[in-house]
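# Structural description and commentary
Listed below are the residues making up each chain.
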Amino acid sequence: MARPLEQALELMVSTFHKYAGKEGDKHKLNKAELKALVIKELPSFISKPNDEASFQRLMENLDSNSDQQVDFQEYATFLACMAMMCDEDFHDCPDKMPRNM
């Protein structure tokens, strides 16, 4: 039986592949695929799901090689940044920190 962190990594990978390649390269997310992933899988992290300018900025920030797509490495970097933001929130609110796992 997989441990929780192993399950989390598996979910991270499977979520990427669930959205990648619906249009075009099956190993990358285009802007529409990225937007669908963020809206459906990270709804608490977006305040304006219909703000195209925000998604364009997100795409530009994630697309480190400027190919107009987000590959797995760029996606993983995005999730790592999101995790670091969550960690900062825990530092600000110690009562939210998980105790016994």
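Here the structure is a predicted model, which is why all the values come from computation and not from measurement.

## Let's talk about the nonpolar core
- Counting 17 residues, the largest nonpolar core has Leu29, Leu34, Val38, Leu58, Val70, Tyr75 and Phe78 as the members making the most contacts within it.
- Breaking this core down by element, the ones donating at least two residues are α1 (4-19), α2 (31-41), α3 (52-62) and α4 (72-92).
- Look past the residues within four positions of Leu29 in its chain and what remains in contact with it is Phe16, Tyr19, Ala20, Leu34, Leu37, Met59, Gln69, Val70 and Tyr75.

## Let's talk about the packing of aromatic side chains
- Applying the stated rule across the entire model yields three aromatic pairs.
- Consider the rings of Phe16 and Tyr75, whose centres lie 5.0 Å apart with planes at 45 degrees: the pair is tilted. With Phe16 in helix α1 and Tyr75 in helix α4, this residue pair connects regions lying 59 residues apart in the sequence.
- Here Phe16 falls in the buried class, since its relative accessible area comes to 0%.
- Centroid distance Phe72 to Tyr75: 5.6 Å. Interplanar angle 50 degrees. Geometry classified as tilted. Pair noted here: Phe72 and Tyr75 are both in helix α4, with a separation of three residues, about one helical turn.

## Examining the side chain of Asp63
- Within the secondary structure, Asp63 sits in the loop between α3 and β2 (70-71).
- Despite its burial, Asp63 remains without a salt bridge, the nearest opposite charge being carried by Lys28 at 7.5 Å.
- Contacts of Asp63, omitting those with residues within four sequence positions, involve Gln68, Gln69 and Glu74.

Parameters and conventions
- Residues numbered from 1 in each chain as written.
- Predicted model: local features only at pLDDT ≥ 70, side-chain atom pairs only at ≥ 80, totals over all residues.
- Heavy atoms only, no water.
- Core = buried A, V, L, I, M, F, W, Y, C linked by side-chain atoms within 4.5 Å.
- Buried < 20%, exposed > 50% of the residue type's maximum accessible area, 1.4 Å probe, protein only.
- Helix = DSSP H or I, 4+ residues; strand = E, 2+ residues; numbered from the N terminus.
- Contact = heavy atoms within 4.5 Å.
- Phe/Tyr/Trp six-rings, centres within 6.5 Å; stacked < 30°, edge-to-face > 60°.
- Lys, Arg positive; Asp, Glu negative; His and termini not counted.
- Salt bridge = Lys/Arg side-chain N within 4 Å of Asp/Glu carboxyl O.

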